[in-house]
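Chain by chain, the residues:
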Amino acid sequence: MIDIKGTDGKVKITVADQSDGQNDVIITEDGKTKPYLEVAIEKEKQKKLEDKNIFTSSCKFIKLFRQSKIKSLIFRFVLTVVIVVSNPLDEMTALAQIATGFPKNRVMGQAGMLDTARFSYFVSEKTGALISEVKTLTLGSHGETMVPVPSQSSVKGKSLSQVLSKSEIDQLVDRTRNGGAEVVALLKTGSAYYAPSAAAAEMAKAVATDSNQVMPVCAWVDGEYGITGVYLGVEAQLGAKGINKVVETKLTDEELVALKTAAEAVRTKQADVKNL
């Protein structure tokens, strides 16, 4: 279990001061969650407008960050690693790297850990297996082009395709993609916070302990999977310097195509933040 401390919901820049001169910085934001629910309900009709609203709200944080004294505080520490939780996750991770000027390996986003946890839960619920008996993986974006990876998923050591039919797997994949909207719909007001905070804590722990643990995160991809120059959800090895390396997980042809599609989708959005 991870002990998650409560916050007041305001924009937070958390700097965990380390005695050895290294800091972990976790960026969260106070953006409204209602637009996500509206997007899910009204679909394409409201999508562009609401996405713009969410993006504008989140970008205000980065502008404040650039002007703040906190930036100079963070810069004093040569080994600072930034973990972004703010939505829209993929764009905000790219923007955080631009704003800080840090090497790309020292800026990462939390999404894959959360999405994979949701996928695992849905598989556990469907099969009746314990969470500890389920292994899943999600890559790609934290959104519509999320790529749950059934080929790397299993239940009690058996591949997911041996346990569930294709239609059942497709339903779970779709539910995983819409997991955030499902939580918002259940809460009515507010959004998920326990799972995202626990996932970010796991990432921070991997950095603080230099564990070299491999986990799905939003990381800079530069040649892996035939994809270059974009922040994207992939498996990566985390350590004291941030992302040690991106791990190329074996994918089916269909999954690889989906990952490349996700890369192009977030590339377009990330290009928009360069001039902010």
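Cut-offs applied
Per chain, the residues get numbers from 1 upward, laid out in the order the sequence is written. Totals for whole chains, interfaces and linings use all residues, but because this is a predicted model, local features are given only for residues with pLDDT of at least 70 and pairs of side-chain atoms are given and counted only at 80 or more. As a rule here, side-chain values come from all non-hydrogen atoms in the structure, and water together with hydrogens is ignored. In this description a helix means any DSSP run of H or I spanning at least four residues, a strand means any run of E spanning at least two, and both kinds are numbered starting from the N terminus. For the exposure calls, accessible area comes from a 1.4 Å probe over protein chains only, and a residue counts as buried if that area is under 20% of its type's maximum, exposed if over 50%, partly exposed in between. Whether two residues are in contact is decided by their heavy atoms, any of which lying within 4.5 Å being enough. Reported accessibility uses the Shrake-Rupley method at a 1.4 Å probe radius. Residues are deemed covered only where the shown protein chains occlude them. A pair of strands is considered paired only if DSSP assigns at least 2 bridges between the two. Between the N-to-C directions of two axes lies an angle of 0 to 180 degrees, each axis being a line fitted to C-alpha atoms and, for a helix, fitted only over the stretch in contact. Relative orientations are named as follows: roughly parallel for angles under 35 degrees, roughly antiparallel for angles over 145 degrees, roughly perpendicular for angles from 65 to 115 degrees, and oblique for any other angle. Crossing handedness follows the turn of the near helix against the far one: under a right angle anticlockwise gives a left-handed crossing, and clockwise gives a right-handed one. By definition, a salt bridge exists where a carboxyl oxygen of Asp or Glu is found within 4 Å of a side-chain nitrogen of Lys or Arg. Space inside and on the surface of the protein is sampled on a 1 Å grid over the protein atoms alone, with a cavity defined as a set of points where a 1.4 Å probe fits but cannot get out and a pocket as an open set with protein on both sides within 12 Å along at least 5 of 7 lines; lining residues have an atom within 4 Å of a point. Grid points are joined across faces, edges and corners, and a volume is the space filled by probe spheres set on the points. Polar here means any residue outside two lists: the nonpolar Ala, Val, Leu, Ile, Met, Phe, Trp, Tyr, Cys and Pro, and the charged Asp, Glu, Lys and Arg; Gly therefore counts as polar. Grouping buried Ala, Val, Leu, Ile, Met, Phe, Trp, Tyr and Cys residues that are joined through side-chain atoms within 4.5 Å yields what is termed a nonpolar core. Here the expected span of a helix is defined as 1.5 Å times the quantity of residues minus one. Here, patches come from residues exposed beyond 30% relative accessible area and free of salt bridges, joined within 9 Å for like charges and within 5 Å for nonpolar side chains (Val, Leu, Ile, Met, Phe, Trp, Tyr).

Visitor: So what exactly am I meant to see when it comes to the overall build of the protein chain here?
Guide: Regarding its fold elements, the protein chain presents 10 helices and 12 strands. Looking at the protein chain as a whole, 45% of its 276 residues are labelled buried. A separation threshold of at least 6 residues defines the contact pool for the protein chain, and within that pool the share at least 24 residues apart is 64%. Surface summary for the protein chain: the accessible area is close to 14,300 Å², and the carbon and sulfur share equals 53%.

Visitor: Can you walk me through the pairing of strand β11 (residues 228-239) in this structure?
Guide: The side chains of a regular strand alternate between both faces of the sheet. With 10 of 12 residues buried, β11 is to be regarded as a mostly interior element. Alignment of strand β10 (residues 213-222) against β11, held across 10 bridges, turns out to be antiparallel. Paired with Trp220 across the strands is Tyr231, a residue of β11. The turn joining β10 and β11, which pair antiparallel and follow one another in sequence, is formed by 5 residues; a positive phi near 115° is taken by Gly223.

Visitor: Explain the packing of helix α5 (residues 112-127) against helix α7 (residues 166-177) to me, please; I cannot follow it from the model alone.
Guide: Packed helices, taken two at a time, are described by their axes: the angle between them and the distance between them. Following both chains from N to C, one finds α5 and α7 inclined at 140°, their axes separated by 9 Å at the closest point. By the criterion of interaxial angle, the relationship of α5 to α7 is oblique. Crossing of α5 over α7 shows right-handed handedness. Here Asp115, Phe119, Phe122, Val123, Glu125 and Lys126 of α5 come into contact with α7, specifically with Glu168, Leu172, Val173, Arg175 and Thr176.

Visitor: For this particular structure, what's the right way to read the pattern of salt bridges?
Guide: Side chains carrying opposite charge are able to pair once their charged atoms draw close together. Summed over the entire model, instances satisfying the criterion amount to 5 salt bridges. Residue Glu168 is joined to Lys126 by a salt bridge in which the shortest nitrogen-to-oxygen separation is 3.9 Å. Highlighted residues: Glu168 in helix α7 and Lys126 in helix α5, separated in sequence by 42 residues. Among the residues examined, Lys126 registers a relative accessible area of 42% and is labelled partly exposed. The partner of Lys166 in a salt bridge is Asp170, and the shortest N-O contact between them spans 3.0 Å. Residue Lys166 and its partner Asp170 are both found in helix α7; the two are separated by 4 residues, about one turn of the helix. The exposure class of Lys166 is exposed, given its relative accessible area of 60%. Using a relative accessible area of 38% as the deciding quantity, one classes Asp170 as partly exposed. In the salt-bridge network here, residues are joined through shared partners; they are Glu125, Arg175 and Glu182.

Visitor: Whenever I open this one, the layout of surface pockets confuses me. Can you help?
Guide: Gaps left between atoms are located by rolling a probe of water-molecule size over the structure's atoms. Approximately 490 Å³ is the volume found for the second largest pocket. Lining the second largest pocket are 23 residues, and of these Met113, Thr116, Ala117, Ser120 and Thr136 lie nearest its centre. Every element with two or more residues in the lining of the second largest pocket is listed here: α5, α9 (194-208) and β10. Residues of the lining of the second largest pocket, tallied by class, amount to 13 nonpolar, 6 polar and 4 charged.

Visitor: Teacher, can you tell me more about the nonpolar core here?
Guide: The tendency in soluble globular proteins is for nonpolar side chains to be buried side by side. Counting residues in hydrophobic clusters, the biggest one holds 34 residues, and the most contacted among them are Met108, Met203, Val217, Ile227, Leu232 and Leu238. Looking at this core, the elements with two or more residues in it are β3 (81-84), α9, β10, β11, β12 (242-247) and α10 (253-271). Ranked by residues supplied to this core, first place goes to α9 with 6 residues. Beyond its immediate chain neighbours, meaning those up to four positions away, Val217 contacts Gly109, Met203, Leu232, Gly233, Val234, Ala236, Leu238 and Ile243. Residues Ile27, Leu89, Ala94 and Phe102 belong to the second largest nonpolar core, which totals 15 residues.

Visitor: What exactly am I supposed to notice about α5 here?
Guide: An α-helical turn contains 3.6 residues, so a residue and the one three or four places further along point in the same direction. With 16 residues, α5 should reach 22 Å at 1.5 Å per residue; the first-to-last C-alpha distance of 22 Å fits that figure. Taken together, the buried positions of α5 are occupied by Gly112, Met113, Leu114, Asp115, Thr116, Arg118, Phe119, Ser120, Phe122, Val123 and Ser124. Positive phi shows up at Gly128, right after α5, with a value of about 80°.

Visitor: Help me out: how do you make sense of a nonpolar patch on the surface in this one?
Guide: A cluster of nonpolar residues, Leu187, Tyr193 and Tyr194, forms a patch on the protein surface that exposes about 360 Å² of accessible area. Positionally, Tyr193 belongs in the loop between α8 (179-187) and α9.

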